[in-house]
Amino acid sequence: MTWFVRAGVGVTVLAALALGRVVVDTWPSPGSDVDPFVRSVEVGETAVLRFADLTLSNVRSAAVVDDGLEVARTPGTWLLVDLTLVPRGQPLVVSPHVVVVDAEGREYRPDRAGYPWTEAPTGVAWAWTVAVELPPDALEGAVVRVAADGLDDRRDDVAEVDLGIDADRAAELADSRFTVEVPATGPAS
Amino acid sequence: MGRVRAQPRSRLTAAAGALVLAVSAPFGGLGRVPLDERVEAVEPGETLDAAPFRLVLERAVAVDELPDVVTPDVEGNHLMVVVAEVTNVTDAWVYANLLSPVPRSSPQSRSIVVLDEGLAPIGFPSTYHAEDDTRFSTVNPGLGHDVVIVWEFAGAVPDELSLGIATLTERPSTISPDVLEWTDPAEAATVTLPVEDRTGRAP
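Source: prediction; values computed, not measured. (Residues numbered from 1 in each chain as written. Chains lettered and ligands numbered in written order. Predicted model: local features only at pLDDT ≥ 70, side-chain atom pairs only at ≥ 80, totals over all residues. Heavy atoms only, no water.)

J.: Give a description of the overall build of chain A that names residues and reports values.
T.: For chain A, the count of helices and strands is two helices and eleven strands. Listing the helices and strands of chain A from first to last along the sequence gives α-β-β-β-β-β-β-β-β-β-α-β-β. Against the compact-globule benchmark of 16 Å for 189 residues, chain A has a radius of gyration of 23 Å, which places it well outside the compact range. For chain A, the C-alpha atoms occupy an extent of roughly 80 × 40 × 30 Å along the three principal directions. For chain A, contacts bridging at least 24 residues in sequence account for 70% of all contacts bridging at least 6. Surface accessibility of chain A: about 10100 Å² in total, with carbon and sulfur atoms responsible for 56%. Looking at chain A, you have 15 positive and 30 negative side-chain charges, and the mean spots of the two groups are 7 Å apart. (Helix = DSSP H or I, 4+ residues; strand = E, 2+ residues; numbered from the N terminus. Rg over C-alpha atoms; globule rule 2.2 N^0.38 Å. Contact = heavy atoms within 4.5 Å. Areas by Shrake-Rupley, 256 points an atom, 1.4 Å probe, with all protein chains shown as cover. Lys, Arg positive; Asp, Glu negative; His and termini not counted. Charge placed at Lys NZ, Arg CZ, Asp CG, Glu CD.)

Here you go:
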């Protein structure tokens, strides 16, 4: 192979790479083939998911939460959501993964009190109260996302529940001075 | 001279480099730059940004135990308690175990390094909320948490505790490119905390 041919091959490869970059930048893919299937609902509506039917029925707040094992304070606000899950096909042995996503896209995870989980049998309505601590400015416009697996939600159903928190409701929630007892998970009454 | 000129340029460059190193070696040319010359030393109570956290390491206390919370596994050992304020400055929650101090030799990616190997944690350090003693396992964004970082150590109580602070980088894990993790610790600063000795008396 002469130096002229070698140089030509090099230039062709570089040109192809540059063309690929231009194509990707000009027509970016809106998602990927591994994105989760997001089921958007509002408070009180049921999201039908692969692993469960999920309903978020109530939104509350607290200054202190007590799950019977620990009493936890927060430098922010405890946001509590009451969920009902009806597992589909198989029991929910491990707790689903819950995050609160605020209007700026920041993600908050339940931590201390308010996250007890006991295995939910197939077909049984299971009540679950989740407490997440977040800064007061994260309340307005927040949504709750629920997935079966926190590490891997690729090509799986994810519920996204709009909590319907406007500015007035956010101020009301942030002002809570209550201690709220968080019940253990179990059959919904 | 003619034989030298006949050598390829790359060989001459390498030889020149080797000569410079050989001459500078007695003066420290081959030595490592000391840690305190590589990074900034911050004062106790000074705010430091080291992704994913904003940290204020305030003070250190040595105790025999934290009653009803932590007791040393080995009788005679003590607990080192570092009082700190921690804020997650990123857009997503992170595990609080990133704050668990590790010895310099550890391969783990953590934000805090115990520079004195003699004070390195025995077993697993733990972190608690200072105001209610609950375990600190998740650091949500935007909230400043007062915490205590606790670990067991052997030997005498020191006068000072020197810590290295590392900046971490979030990147796809080696197992799954869709899972991001905080890794690649890079030296960011050091801080030396005076140690208050509260061993041998009621806490």
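J.: Talk me through the overall build of chain B; I want residue IDs and the actual numbers.
T.: Along chain B, the regular secondary structure elements total three helices and twelve strands. Over its C-alpha trace chain B gives a radius of gyration of 22 Å, far above what one expects of a compact globule, namely 17 Å for 203 residues. In terms of overall dimensions, chain B has a C-alpha envelope of 80 × 45 × 30 Å along the principal axes. Looking at chain B residue by residue over its 203 residues, the buried ones come to 42%. Pairs at least 24 apart in sequence give 66% of the contacts found in chain B among residues at least 6 apart. If you sum the accessible surface of chain B, you get close to 11100 Å²; carbon and sulfur atoms cover 53% of it. Taken as two groups, the 14 positive and 30 negative side-chain charges of chain B have centres that lie 19 Å from each other. (Buried < 20%, exposed > 50% of the residue type's maximum accessible area, 1.4 Å probe, protein only.)

J.: Can you explain a nonpolar patch on the surface? Please cite residues and give values.
T.: All names here are of chain A. The grouping of Met1, Trp3, Phe4, Val5, Val9, Val13, Leu14 and Leu17 at the surface amounts to a nonpolar patch, some 940 Å² of accessible area in total. Structurally, Met1 can be placed in the segment before helix 1 (3-26). According to the relative accessible area criterion, Met1 is exposed, its value standing at 70%. (Patch = residues over 30% accessible without salt bridge, like charges linked within 9 Å, V, L, I, M, F, W, Y side chains within 5 Å. Salt bridge = Lys/Arg side-chain N within 4 Å of Asp/Glu carboxyl O.)

J.: How would you explain unusual backbone geometry if you had to name every residue and give the values?
T.: Residue and element names in this part refer to chain B. Cis rather than trans, the peptide bond between Ala51 and Pro52 has omega equal to 5 degrees. You can see Pro52 is positioned in the loop between strand 2 (47-50) and strand 3 (53-63). Here the phi dihedral of Asp133 falls at roughly 65 degrees; this positive angle occurs in a residue that is not glycine. For Asp184, which is not glycine, the phi torsion reads 55 degrees and is therefore positive. By the secondary structure assignment, Asp184 is in strand 12 (residues 180-197).

J.: Account for the side chain of Ser176 of chain A, with residues named and values stated.
T.: Residue and element names in this part refer to chain A. With respect to the helices, strands and loops of the structure, Ser176 is situated in the loop between helix 2 (167-174) and strand 10 (179-181). Within the structure, the side chain of Ser176 is placed 3.3 Å from the backbone nitrogen of Phe178, a separation counted as a polar contact. Apart from the residues within four sequence positions on either side, Ser176 is in contact with Ser61, Ala62 and Ala63. (Polar contact = N/O pair within 3.5 Å; in protein donor to acceptor, adjacent residues only side chain to side chain.)

J.: Account for the interface of chain A and chain B, with residues named and values stated.
T.: The interface is formed by 24 residues belonging to chain A together with 20 residues belonging to chain B. Of the roughly 1700 Å² buried where chain A meets chain B, counting both sides, 51% is carbon and sulfur surface. Taken together, the links from chain A to chain B amount to zero salt bridges. At the boundary of chain A and chain B, one finds six residue pairs in polar contact (both at pLDDT 80 or more). For the side of chain A that touches chain B, the elements supplying multiple residues, two or more each, are strand 4 (71-87), strand 5 (97-101), strand 6 (107-108) and strand 7 (126-134) of chain A. For the side of chain A that touches chain B, the element with the most residues is strand 4 of chain A, which contributes six residues. Residue classes in the side of chain A that touches chain B are distributed as eleven nonpolar, four polar and nine charged. (Buried area = accessible area lost by both parts, 1.4 Å probe. Nonpolar A, V, L, I, M, F, W, Y, C, P; charged D, E, K, R; others polar.)

J.: Lay out a negative patch on the surface in plain terms, naming residues and giving numbers.
T.: Residue and element names in this part refer to chain B. A surface patch of negative charge is lined by Glu58, Glu85, Glu131 and Asp146. With respect to the secondary-structure elements, Asp146 resides in strand 10 (residues 144-153). Asp146 gets classed as partly exposed once you look at its relative accessible area, which sits at 45%.

J.: Just give me the short version of the pairing of strand 3 of chain B, but keep the residues and values in it.
T.: Residue and element names in this part refer to chain B. With respect to burial, strand 3 is a largely interior element, eight of its eleven residues being buried. Note: strand 2 against strand 3, four bridges, orientation antiparallel. Each residue of the ladder has a partner; that of Thr47, found in strand 3, is Val56. From the end of strand 2 to the start of strand 3, which pair antiparallel, there are two residues. Across three bridges, strand 3 lies against strand 12 in parallel orientation. When the sheet's bridge partners are listed, Ala62 is paired in strand 12 with Asp197. (Pairing = 2+ DSSP bridges.)

J.: Can you explain the side chain of Thr199 of chain B? Please cite residues and give values.
T.: All names here are of chain B. Following the sequence through the fold, Thr199 ends up in the segment after strand 12. A polar side-chain atom of Thr199 sits 2.6 Å from a polar atom in the side chain of Asp197. The contact partners of Thr199, leaving out residues within four places of it in the chain, are Ala62, Val63, Asp64, His78 and Val157.

J.: Go over the pattern of salt bridges with me, naming the residues and quoting the values.
T.: Residues and elements named next belong to chain A. The final tally for this structure, using the stated rule, is 16 salt bridges over all chains. Among the salt bridges present, the one from Arg169 reaches Glu172, with a minimum N-O distance of 3.2 Å. A residue pair is termed a helical-turn pair when its members lie 3 or 4 positions apart in one helix, as Arg169 and Glu172 do in helix 2 at three residues. Judged by its relative accessible area of 27%, Arg169 falls in the partly exposed class.

The quantities given are spatial measurements derived from coordinates; they are silent on function.
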